Each structure stands twice: as C-alpha cells, then as structure tokens.
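Each chain is listed here by its residues.
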Amino acid sequence: MSTPLLDVTNVRSGYGAVEILRGVSMQLHAGELVALLGSNGAGKTTLNNVLSCVLPAWAGQVHFDGQLLTGQSYTQVVRSGLIHVPEGRKIFPNLSVLENLQLGAYARARERREHNLAIALETFPRLKERLSQLAGTMSGGEQQMLAIGRGMMAEPKLLILDEPSLGLSPLLVEELFGLIQKLRASGLTILLVEQNVGNALHLSKRAYVLEHGHIVKSGPSADLLSDPDVQRSYMGL
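Residues numbered from 1 in each chain as written. Predicted model: local features only at pLDDT ≥ 70, side-chain atom pairs only at ≥ 80, totals over all residues. Heavy atoms only, no water.

You can see E142 is positioned in helix α6 (residues 140-152). Among the residues examined, E142 registers a relative accessible area of 9% and is labelled buried. (Helix = DSSP H or I, 4+ residues; strand = E, 2+ residues; numbered from the N terminus. Buried < 20%, exposed > 50% of the residue type's maximum accessible area, 1.4 Å probe, protein only.)

Structure representation (structure tokens):
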C-alpha cells in the first residue's frame, strides 16, 4: 500500500473545555474520493477545521503529503495544497464571479491563474456565463459551484467539500453530484463531507462514519450502503 496523502492519527480537539473529537483516525490516498458521513453535531466540521489548521488539535497528528500539518498556520496548509471548501459556501457576495475565482489563487498557483481559470470554467460552464455578475445575486447551487471553482483555482492536491449539497433542491443536488463525479474522474483527491448519505456512498469508494467525535464505522462504500445500522440511522430505511 502506498503512503497515504492524508494521514490523521488519534486527533482530539474541541472548543473551550468541550471536547468534540475523541481520537479520530483516518486516511486518504491520492486519487481517492472518500466520504465522511455523520449527522449534525457529530464533529465533521470540527474535524475539517482541524485539518485546515483553523482549529488546533489538542492531541494526535495530521500528516499531509508527507509533511506534519499539526501546529502549522492555515496559510501554510493552503500553500501545501490542502484546500477546504467550507460549509455555507463563504463566497464574497459583493464581488463578481470572476473576482471570487481569482481570489482562489491568491496564496497558491497564482502564476497559473489563467490556466486554472479555464479549467474551472470548463468544469462549471454556468459560471462562464456569469463572470461579471455579483456572486451574492446567484442561486444557491450556482454559489456552491463558485465555491468549488474557487477551490480549484489553488490546484488542490486534496479538496475537502464540506456539506456541498446543503440547502439545495433535489434537482440541483443531482447536478452537483454529477459535477463532483466529473472532478473525481479527473483524478482529483476529494474528501466529501456529507449528510446526504445515499448520494455520498454511491459516489465514493470508501467511507467513514463519525458519531459523537468517534469513527464508528469505516470500509468500502458498497458495504456501508447495505449496512442495516447505516440504513436505519442515516437513510430512513
């Protein structure tokens, strides 16, 4: 087995005196799309913030691309190629679509900005039609495409997508997951953090289930898709 691109070992963290992550371990290899599943409050966003070094780990280690990330700054994480598209999109509503995309290359791959812009617009052709439009005036689905496109501008080695389907209509969810499938087919390594368990398991090859700050299940997505506990707890079956 090759060395993991992302190796998370016994990570503990939280806020104030409240521990949220209670010894999380997981791995991703280059070229994989891995799903991280869990309900609200399970600790998914907390884990993402630790991986991005927005939130410090209290214990444990995170290695990415052979380097120790624990204790680094979030700007160093971005420069290393770990790019986090946060829950809620976090676009700049008063800037144009083009300006939002260009900002994605601020800390990394600035010299290849035009090349990466062309790739982002090819992946999300709807953005090409709206380059001069203020980002805040677009639909929720278009804003999510913009957030992912902005992440692509930094040439990610690993792209973390945090609840990309949140708040979208079923039709837009289907379209968005089709676009994520396109990114996976291009060879991009993706950590897909989702409450939409069915779609996430159909799209990924492996998955982890996070509950109350612990990884309680992991394995091939096909196995988890037929797991009675997963079906009952997350799919209403």
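The next thing to look at is the confidence of the model for the chain. The predicted model of the chain has a mean per-residue pLDDT of 91, with 99% of residues at 70 or higher. When mean pLDDT is compared element by element in the chain, strand β1 (residues 6-15) scores highest at 97, while helix α10 (residues 228-234) scores lowest at 88. (pLDDT = per-residue confidence, 0-100.)

Time to look at the packing of α6 against helix α7 (residues 170-185). At a closest axis distance of 10 Å, the pairing of α6 and α7 adopts a crossing angle of 15°. Accordingly, the angle class assigned to the pair α6 and α7 is roughly parallel. The handedness of the crossing between α6 and α7 comes out as right-handed. Residues G141, Q144, M145, I148 and M152 of α6 form the contact with α7, whose own contacting residues are L172, E175, L176, L179 and L183. Across the contact of α6 with α7, the residue classes break down as 7 nonpolar, 2 polar and 1 charged. (Axes fitted to C-alpha atoms, helices over the stretch in contact; angles between N-to-C directions. Parallel < 35°, antiparallel > 145°, perpendicular 65-115°, else oblique. Left-handed = near helix turned anticlockwise from the far one by under 90°. Contact = heavy atoms within 4.5 Å. Nonpolar A, V, L, I, M, F, W, Y, C, P; charged D, E, K, R; others polar.)

Attention now goes to the pattern of salt bridges. Following the criterion strictly, the structure yields 13 salt bridges and no others. For K217, the salt bridge goes to D227, with nearest N and O atoms at 3.3 Å. Pair noted here: K217 is in strand β10 (residues 214-220) and D227 is in the loop between α9 (221-225) and α10, with a separation of 10 residues, a long-range link. Using a relative accessible area of 16% as the deciding quantity, one classes D227 as buried. (Salt bridge = Lys/Arg side-chain N within 4 Å of Asp/Glu carboxyl O.)

Moving on, we come to a nonpolar patch on the surface. Taken together, F92, L103 and Y106 make up a surface patch of nonpolar side chains, about 320 Å² in accessible area. With respect to the element layout, L103 can be found in helix α3 (residues 97-103). Taking the relative accessible area as the measure of exposure, L103 reaches 37% and is therefore partly exposed. (Patch = residues over 30% accessible without salt bridge, like charges linked within 9 Å, V, L, I, M, F, W, Y side chains within 5 Å. Areas by Shrake-Rupley, 256 points an atom, 1.4 Å probe, with all protein chains shown as cover.)

Right, let's talk about the side chain of Q143 for a bit. By the element assignment, Q143 lies in helix α6. Taking relative accessible area as the criterion, Q143 reaches 14% and is therefore assigned buried. Here the side chain of Q143 touches A135 through a polar contact of 3.4 Å, landing on its backbone oxygen. Not counting residues within four places of it along the chain, the set of residues in contact with Q143 comprises R89, I91, A135, G136 and M138. (Polar contact = N/O pair within 3.5 Å; in protein donor to acceptor, adjacent residues only side chain to side chain.)

Over its 13 residues, α6 runs 19 Å from end to end, which matches the ideal 18 Å to within 8%, given 1.5 Å per residue. Taken together, the buried positions of α6 are occupied by G141, E142, Q143, Q144, M145, L146, A147, I148, G149, R150, G151 and M152. Those residues of α6 that are buried lie in contact with β6 (82-85), α3, α4 (113-123), α5 (125-128), β7 (158-162) and α7. (Expected span 1.5 Å × (residues − 1).)

Our next topic: the sheet that holds strand β3 (residues 33-37). Across the sheet, which stays open at both edges, the 6 strands sit in the order β6-β7-β8-β3-β9-β10 with mixed pairing between neighbours. Sheet topology places β6 and β10 at the edges, where each strand pairs with a single neighbour. Pairs of neighbouring strands in the sheet enclose a mean axial angle of 15°, with direction left out of account. Relative to β10, strand β9 (residues 206-211) runs antiparallel, the two being bridged by 6 bridges. Across the sheet, residue L210 finds its bridge partner in β10, namely I215. Relative to strand β8 (residues 189-194), helix α1 (residues 44-51) is tilted by about 150°, and along the sheet it contacts β3, β6, β7, β8 and β9. (Pairing = 2+ DSSP bridges.)

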